[in-house]
Amino acid sequence: MALPFGSTIPLWLEGKEITTSTTYDVISSAAGKVLYKSSYASVQDAENAIRSAQMAFELWSQTKPSVRQNFLLRAAGILDERNERAALYCGSVPTPSENGKSAMVLREPYGVVLSIAPWNAPYMLGLRACLGPLAMGNTVILKGSEASPSAYWEIVSILHEAGLPAGCLNTISHRPQDAALITTAIIASPPIRKVTFTGSTKTGAIITSQAAKLLKPTLMELGGKAPTIVCEDTDLSQAALGCTLGAFLHSGQICMSTERILVCEEVAADFKEALKGTLEAVFGDPNGLVLVNEHPVLKNKQLLEDAISKGAKVVYGDPHHQTESRTSMRPVVVEGVHNGMDIYHTESFGPTVSVIVVRSDEEAIKIAKDTDYGLSAAVFTEDLRRGLIIAKRIKSVAVQINSMSVHDESALPHGRYKKSGFVRFNGLEGWTSGCRRRQSHGEMRGRLSIILLM
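Residues numbered from 1 in each chain as written. Predicted model: local features only at pLDDT ≥ 70, side-chain atom pairs only at ≥ 80, totals over all residues. Heavy atoms only, no water.

1. A look at the nonpolar core
By size, the foremost hydrophobic cluster in this structure holds 28 residues, and its most contacted members are Phe71, Cys130, Leu134, Leu142, Leu159, Leu164 and Leu169. Counting residues per element, the ones that place at least two in this core are strand S4 (23–27), helix H1 (43–60), helix H2 (65–76), helix H3 (122–135), strand S9 (139–143) and helix H4 (149–161). Broken down by element, the residue count for this core peaks at 5 residues, all from H4. What Leu134 contacts, discounting residues up to four positions off in sequence, is Trp60, Arg68, Thr139, Val140, Leu159, Leu164, Cys168 and Leu169. (Core = buried A, V, L, I, M, F, W, Y, C linked by side-chain atoms within 4.5 Å. Buried < 20%, exposed > 50% of the residue type's maximum accessible area, 1.4 Å probe, protein only. Helix = DSSP H or I, 4+ residues; strand = E, 2+ residues; numbered from the N terminus. Contact = heavy atoms within 4.5 Å.)

Structure follows, in structure tokens:
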């Protein structure tokens, strides 16, 4: 089921679609035209959603893991999930050191979770934001980006069609100017027990600070400044393609995007030629790459202007090129970048990348580590042992060997290092982060030690 263009996107509350009396326009980045109107929530709407989720939590949290698992499988339809997954999160029975006593460790849901998801991959990141908490028995307030409310409406529509009980998943959308007011109100609401957020480091720091004052745990996946190291023994055509895709997929608007290419001087000249040819073949559209709005275009051009004024040289593209749309920009590659330039430190989150020539693995590792971020990285080499040695020293959560830096597997933990965030999505660590731990112990005769992991 899809909404027709020009319609008003409703909110989801207690399993029902609610169209508010006030709306805002959702604008196409490419065409600059109104796609939809979206309902936007007031603080009262947010409070109603939280109250609904709190009421639903009493029943949803008591369902067995197998029931929640079957629901998720129905919702996914095409997923081949392992049937034993639910058993992993029930707990354990450790042996206490004291004779005559036993103990039990159980996992329990937190309660109502506020999950805030971004615009740049709304279906994948929106599902990730709500499915994990729901699977652990929590109920969810899903606050998607105001730039992509239709995607979040679609996600909740599918889950309700699969049989999700009313109130377990409610949505919040609002105008950009109301973000601070409504988000602050939701975080402060007593039924909210945990907050997850995917987005910028700046906004994540604000949300973490607000939650910390209320002693509420958070899960943050934030910004990145991913390096890709190109060794002299690698297949340069493969490395050029990996760097091209890693840097410019989705117009560079991915937190794992390659932002600095560290290439061995022995093959630097050949690599740059391969990179330019690959870029022209893959992203050579004269109309440029479409970004979410005009602000990242201006930001990237300012980063380039600063770098060039301080000695950087253009390898590919034209920093002054003007496209027909203010939201579009052609890819630009610069070299000669050093730590006195803004582009060296700042996450561009757009279609720019720096090439830095290095003389050794040691120098490449030093520069790769010289960042406040640690989300993703990549290494291209024919020697797997060399690749593993470099990967271990980069200090990044994820390192791809002979593959682009943009990669996310549901079975692997994702996120958490430096200013790129903390706690994890995905994998066993991600699923169990949706539970709180509780423990107790006692003597064998009529008493049992219980630890609840929440």
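2. Observations regarding the UniProt feature "active site" (unreviewed entry) in the chain
According to UniProt, the feature "active site" (unreviewed entry) maps to Glu221 in the numbering used here. Secondary-structure assignment places Glu221 in strand S12 (residues 218–221). Side chain to side chain, Glu221 and Arg128 meet in a polar contact 2.5 Å long. (UniProt positions renumbered as here; feature names shortened; annotations may be inferred. Polar contact = N/O pair within 3.5 Å; in protein donor to acceptor, adjacent residues only side chain to side chain.)

3. Examining the packing of helix H11 (residues 361–369) against helix H12 (residues 384–394)
As a packed pair, H11 and H12 sit with axes 9 Å apart at the nearest point and diverge in direction by 35 degrees. H12 is crossed by H11, and the crossing has right-handed handedness. Here H11 contributes Asp361, Glu362, Ile365, Ala368 and Lys369 to the contact with H12, which in turn contributes Arg386, Ile390, Arg393 and Ile394. Per-class residue counts for the contact of H11 with H12 are 4 nonpolar, no polar and 5 charged. (Axes fitted to C-alpha atoms, helices over the stretch in contact; angles between N-to-C directions. Left-handed = near helix turned anticlockwise from the far one by under 90°. Nonpolar A, V, L, I, M, F, W, Y, C, P; charged D, E, K, R; others polar.)

4. A word on the sheet that holds strand S19 (residues 352–358)
Strand order in the open sheet formed by 7 strands is S16-S18-S19-S14-S13-S20-S21, and the pairing between neighbours is mixed. A single partner strand is all that each edge strand has here, and the edge strands are strand S16 (313–316) and strand S21 (398–401). Taken over all neighbouring pairs, the strand axes of this sheet differ in orientation by 25 degrees on average, direction set aside. Bridging between S16 and strand S18 (residues 332–335) involves 3 bridges; their strand directions are antiparallel. Bridging across to S18, Val314 finds its partner in Val334. (Pairing = 2+ DSSP bridges.)

5. Focus: the side chain of Ser328
Relative to the helices and strands, Ser328 is located in strand S17 (residues 328–329). Excluding anything up to four places from it in sequence, Ser328 contacts Asn287, Leu289, Val290, Val297 and Thr323.

6. Focus on the confidence of the model for the chain
A low pLDDT score tells you not to read the predicted coordinates there in detail. The share of residues in the chain with pLDDT of 70 or more is 85%, and the mean pLDDT across the chain is 85. pLDDT under 50 marks residues 78–87. Its contacts with residues more than four places away, or in other chains, come to 10 contacts. Of the regions scoring below 50 in pLDDT, residues 438–454 engages in 65 contacts with residues more than four places distant in sequence or in other chains. (pLDDT = per-residue confidence, 0-100.)

7. Notes on H11
Along H11, the residues classified as buried are Ala364, Ile365, Ile367 and Ala368. Here the buried residues of H11 occupy an arc of 165 degrees about the axis, which is enough to place them on one side. (Arc of directions from axis to C-beta.)

8. Notes on the pattern of salt bridges
Inspection of the entire model under this criterion finds 13 salt bridges. The salt bridge partner of Asp233 is Arg386, with a shortest N-O separation of 3.6 Å. Residue Asp233 is found in the loop between strand S13 (226–230) and helix H7 (236–248), and its partner Arg386 is found in helix H12; the two are separated by 153 residues along the sequence. Residue Asp233 is classed as partly exposed on the basis of its relative accessible area, which comes to 27%. (Salt bridge = Lys/Arg side-chain N within 4 Å of Asp/Glu carboxyl O.)

9. Overview of the environment of Ile308
Checked against the element boundaries, Ile308 lands in helix H9 (residues 294–309). Spatially, the C-alpha atoms of Ile308 and Val334 are 8.4 Å apart, while their sequence positions differ by 26 residues.

10. Remarks on helix H6 (residues 201–213)
Residue pairs spaced three or four apart in an α-helix point in one direction, given the helix's 3.6 residues per turn. Helix length check: H6 (13 residues) gives 18 Å between terminal C-alpha atoms against 18 Å at 1.5 Å per residue, within 8%. All buried positions along H6 are accounted for by Thr201, Gly204, Ile207, Thr208 and Ala211. Taken down its axis, H6 places every buried residue within 120 degrees of arc, on the same side. Across from the buried face of H6, at angles greater than 90 degrees, the exposed residues are Lys202 and Lys213. Once H6 finishes, Leu215 follows within two positions and takes phi at roughly 60 degrees, a positive value. (Expected span 1.5 Å × (residues − 1).)

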